[in-house]
Amino acid sequence: MSVNGTPLLQLDGCDTYYGQIHILQGLSIEVHAGEFVCLLGGNASGKSTTLKTTLGIVSPRRGRVLFGGEDVTRRPTSYRIQKGMAIVPENRRLFAPMTVLENLEMGAYLQGGGAKDDFDRVYGLFPLLYERRAQLAGTLSGGEQQMVAMGRALMGKPKLLLMDEPSMGLAPILVERQFEIIKEVHQSGVALLVVEQNANMALSVADRGYVLSTGRLVLQGKASELAEHEDLRKAYLGR
Amino acid sequence: MTDAERPTPNVPDSLTEPAGPAVGQDEWVARHAERRLLRGGRLGAVEERLRAAPWWAWLTVFVCLAALLPVGFSSGYVRRVAFDTVLYMLLALGLNVVVGWGGLLDLGYIAFYGLGAYCYALLSSNQFDVHLPTVATVPIVVVVGAVAGWLIGLPSWRLSGDYLAIVTLFFFQIFIVVVTNGDHLFGHNVTGGSNGIGGVDANVRPFNLFGHDLPVAHSGSFNVAYLYVVLAFFAVVFVLLRFVNESRIGRAWRSLREDPLAAELMGMPVNWLKLLAFSFGAAVAALSGTIFAALNAGVFPTTFAFPLLITVYTMVILGGSGSQAGVIVGAIVVNVLLELLRDAGNARYVFYALIVLALFGVYRLSVRLAVVLGGTIALGFVVHGIASAIAKSNVDGPANGENWLIDGLRHWVIVPRDLGPWKQITYVALIGVILLLTLVRGWWRVALLVPTLYLAAFVWENVMLTAPEATRFIILGAILVSVMIARPSGILGERRVEIV
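Reference entry: report on the structure contained in this document. If you're wondering where the values come from, they're calculated on a predicted model, not measured in any experiment.

1. Re the overall build of chain B
The helix and strand tally for chain B stands at 19 helices and 6 strands. Taken over the C-alpha atoms alone, chain B extends approximately 100 × 80 × 40 Å along its principal axes. Looking at chain B as a whole, 43% of its 500 residues qualify as buried. A sequence separation of at least 24 residues applies to 72% of the contacts in chain B between residues at least 6 apart. Approximately 26,100 Å² of chain B is accessible, and the part contributed by carbon and sulfur atoms is 68%. Of the side chains in chain B, 32 bear a positive and 30 a negative charge, and the two mean positions are spaced by 4 Å.

This is the structure:
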């Protein structure tokens, strides 16, 4: 890796457990400012747990989580969000009986509900959300809900956006659109750490990738190189 | 069957596009607002008008009506029931914050009501010879309640749902044990034990506002000033909570209720929000407690027991948890019904009115409704005729709660002088037939309804009205079950929106 300086996010030898089950086994990854990193791996390889550890939903028994050079391992989730993390959770997890507008507001909870330019930015990215702003989030279609989830995460002006399976449950045409939007978000300067099953798609847009297997790092490198990697192709890309 | 004999399915030769929505054009969501099913005609127009009225208009109308109630009713009893209802509304509003908005199952809620009442009694009585003015006592008690709510809410950091419920229930039990045995608390008589704080010696002071004492009784009957006091508190609490709910905190509570993990992922201080909900609820409960203690000039541990907890929960759930208007309607329905059912004559009106309303609700104006009503009436006269022909003693039993309705009904429903074992048999049979009724459909149900209704009237007149105290809770329970089946989220509760 030729990226210099302190990484924006660094997981340093993290061991995470669910009860007695050892999930992440000494995992170390890093994401630099403005970088687009994807996290690949089969089922139960610890991808989502990596995101949970990053956000502080679970805390590692050993190892450290550093954000912007600061050790946030023992800090609560809200602190990390305030420092500039945001997440598009798996299955979106919108607040169904609340309107699109209220959902977006909740994304900027720590900023007091969002300033006008935050809304403008999100509506600029997703013009449809402006039309739907008074509609209950639960009544939107899957693709629209994904937009709300993205918009909600972007409301707090994150430095690092975590995404858990952004293409899950979307029609193929929407998956492509989704990744265009992700690229757009990335170009606006937000660092991305994306967990994705659709390895082809993820590697075609990401800068770097990590491959996990049963909680261990098995492969890392440039996305373009990973896409050509023999074992990976056999294991996940189906080519 | 050979291939030639098989009927050809009606499949067109080429792809056809029926008129209407076209492929690739998803306009369902865009027209979502227009697709709301509205009632047609005048009723629909009125409904739409009412829906458009802002909440403060409703509140103003309601408070004005309640304030004018003493003009129309001079009876101390009616005024007292009105006072109790508003006090229940206040309690329900507080519980709605914790349960309806915060989604926290707090079974210790009544403990805060009791805490408020006891605090008021201790701060303005001879118990410790402390007599603070009301304007000081009430804020102090509210703050004490809020702090207590905060502390009792602490387990909610790690617990939710039924786990939280059982822990808060345990706190409630502790409260009951402490106040009932509080006459030897570290060698001091603090709470007066099972006798409570009251009577001439304790002399719990009534409210004192603007330099005037508000005596509990005014020339022998309920002092209507307390109705105005509780109404004023109610209006203030309602508006305050409304603003809180429409603020960022209110929305955060709702998102917390919908999805605690997502709320945390958005960076909301989830634990702090939970404690805040507990605090708000407890403060409102404590405020209600002060009014209760002042009006009753005393506090007694038996008041703050499980039946009260269940009553307030019933109000919130029946009315629609999460909706302020809903819990108010719930409080009115439950308390007024329980009062009406106390008296056999009134209970009779309620019973038959509910049956007729329910039949109208299910069958509307249809042939079936006519068959059911006509059949039941005819069956009654036939049975009555046969029974009176056999023996006069079959129909001239004593009636409970004399009024015009029973005078008419006497010619229809049989009230034997002595029922003997039939009391139990008919009661059990009625339950059996009602259960059977849920299993059959269509005309079978209509046919079964006729004897069921007559049996219900028989059991009502002969069995249930002889024990009104138990009956009123059975009827309330039946209403609760039916309403919850018809409207699972309560009378005014919002339909749940699930992510699909």
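Having seen it, we continue.
2. Notes on the pairing of strand S9 (residues 208–213) of chain A
The two faces of a sheet get side chains in turn, since along a regular strand they alternate between them. Residues and elements named next belong to chain A. With 5 of its 6 residues buried, S9 lies for the most part within the structure. Strand direction decides the pairing type here: strand S3 (residues 36–41) and S9, joined by 5 bridges, are parallel. In the sheet register, Leu40 faces S9, and the bridge partner there is Val211. The antiparallel hairpin formed by S9 and strand S10 (residues 216–222) contains 2 residues in its connecting segment, where Thr214 sits at a positive phi of about 40°.

3. Description of the pattern of salt bridges
Tallied over the full model, the rule gives 18 salt bridges over all chains. Across the pair B:Arg254 and A:Glu102 runs a salt bridge whose closest N-O atoms are separated by 3.3 Å. Residue B:Arg254 is found in helix H9 (residues 248–258), and its partner A:Glu102 is found in helix H3 (residues 100–107); the two belong to separate chains. In terms of burial, B:Arg254 and A:Glu102 fall into one category: buried. With a shortest N-O distance of 3.1 Å, B:Arg472 and B:Glu469 are connected by a salt bridge. Here B:Glu469 and B:Arg472 lie together in helix H19 (residues 468–486), a separation of 3 residues that amounts to about one turn. According to the relative accessible area criterion, B:Glu469 is partly exposed, its value standing at 44%. One network of salt bridges, with partners in common, ties together A:Asp118, A:Arg121 and A:Lys157.

4. Remarks on empty space enclosed by the protein
Gaps left between atoms show up when a probe the size of a water molecule is rolled over them. Residue and element names in this part refer to chain A. A full pass over the atoms with the stated rule returns 2 cavities of 30 Å³ or more. When its volume is computed, the largest cavity comes out at roughly 100 Å³. Residue lining of the largest cavity: 16 residues in total, with Ile81, Met85, Ala86, Gly107 and Gly156 positioned closest to the centre. Secondary-structure elements contributing two or more residues to the lining of the largest cavity are strand S6 (85–88) and helix H6 (142–154). Element by element, the count of residues in the lining of the largest cavity is highest for S6, at 3 residues. Partitioning the lining of the largest cavity into residue classes produces 11 nonpolar, 3 polar and 2 charged. By volume, the second largest cavity amounts to about 60 Å³. Where the lining of the second largest cavity is concerned, the elements lending two or more residues are H6 and helix H7 (172–187).

5. So, unusual backbone geometry
All names here are of chain A. Of note, the phi angle at Ala44 is positive, near 55°, even though the residue is not glycine. With respect to the helices and strands, Ala44 occurs in the loop between S3 and helix H1 (47–55). A positive phi is found at Asn91, a non-glycine position, where the angle reads about 60°. With respect to the helices and strands, the residue Asn91 is situated in the loop between S6 and H3. Take Asn91: its relative accessible area is 54%, and that puts it in the exposed class.

6. Concerning the interface of chain A and chain B
Listed per partner, the contact involves 30 residues of chain A and 25 residues of chain B. Interface area, chain A with chain B, both sides summed: about 2,700 Å², of which 67% is carbon and sulfur. When the buried area of chain A at its contact with chain B is split by residue, A:Arg93, A:Phe95 and A:Tyr109 rank highest and sum to 25% of it. Seen at the junction of chain A and chain B, the total is 3 salt bridges.

7. Some thoughts on the sheet that holds strand S1 (residues 9–18) of chain A
Residues and elements named next belong to chain A. If you trace the 4 strands from one edge of the open sheet to the other, you get S2-S1-S4-S5, paired in antiparallel fashion. The outermost strands of the open sheet, each flanked by one partner alone, are strand S2 (21–31) and strand S5 (70–71). As judged from the 5 bridges shared by S1 and strand S4 (residues 62–67), these two strands associate in the antiparallel manner. Bridge pairing links Leu11 to Val65 in S4. Across the sheet, H1 lies against S1, S2 and S4, angled at about 110° from S1, the strand it touches most.

8. Brief notes about the packing of aromatic side chains
Tallying each qualifying case throughout the model produces 22 aromatic pairs over all chains. Between B:Phe83 and B:Phe222, the ring centres sit 5.5 Å apart and the planes meet at 55°, which makes this aromatic pair tilted. Residue B:Phe83 is located in helix H3 (residues 76–101), and its partner B:Phe222 is located in strand S6 (residues 221–222); the two are separated by 139 residues in the primary sequence. Under the relative-accessibility criterion, B:Phe83 is labelled buried at 1%. Pairing B:Tyr113 with B:Phe304 gives two aromatic rings, centres 5.4 Å apart and planes at 75°, and the pair type is edge-to-face. Taken as a pair, B:Tyr113 in helix H4 (residues 109–123) and B:Phe304 in the loop between helix H11 (270–296) and helix H12 (306–319) lie far apart in primary sequence, 191 residues in all. Of the two residues, B:Tyr113 and B:Phe304, neither departs from the other in class, the shared state being buried. Taken together, the ring pairs connect B:Trp55, B:Phe62, B:Phe234, B:Phe238 and B:Phe243 into an aromatic cluster. One cation-aromatic arrangement involves A:Arg133 over A:Tyr130; the distance from NZ or CZ to the ring centre is 4.1 Å. A cation sits over an aromatic face here: B:Arg248 above A:Tyr109, 4.4 Å from the ring centre.

Analysis parameters
Residues numbered from 1 in each chain as written. Chains lettered and ligands numbered in written order. Predicted model: local features only at pLDDT ≥ 70, side-chain atom pairs only at ≥ 80, totals over all residues. Heavy atoms only, no water. Helix = DSSP H or I, 4+ residues; strand = E, 2+ residues; numbered from the N terminus. Buried < 20%, exposed > 50% of the residue type's maximum accessible area, 1.4 Å probe, protein only. Contact = heavy atoms within 4.5 Å. Areas by Shrake-Rupley, 256 points an atom, 1.4 Å probe, with all protein chains shown as cover. Lys, Arg positive; Asp, Glu negative; His and termini not counted. Charge placed at Lys NZ, Arg CZ, Asp CG, Glu CD. Pairing = 2+ DSSP bridges. Salt bridge = Lys/Arg side-chain N within 4 Å of Asp/Glu carboxyl O. 1 Å grid on protein atoms, 1.4 Å probe; cavity = no way out; pocket = protein on both sides within 12 Å on 5 of 7 lines; lining within 4 Å. Points joined across faces, edges and corners; volume = space filled by probe spheres on them. Nonpolar A, V, L, I, M, F, W, Y, C, P; charged D, E, K, R; others polar. Buried area = accessible area lost by both parts, 1.4 Å probe. Axes fitted to C-alpha atoms, helices over the stretch in contact; angles between N-to-C directions. Phe/Tyr/Trp six-rings, centres within 6.5 Å; stacked < 30°, edge-to-face > 60°. Lys NZ or Arg CZ within 6 Å of the ring centre and 35° of its normal.

Any functional reading would require information beyond the geometric quantities listed.
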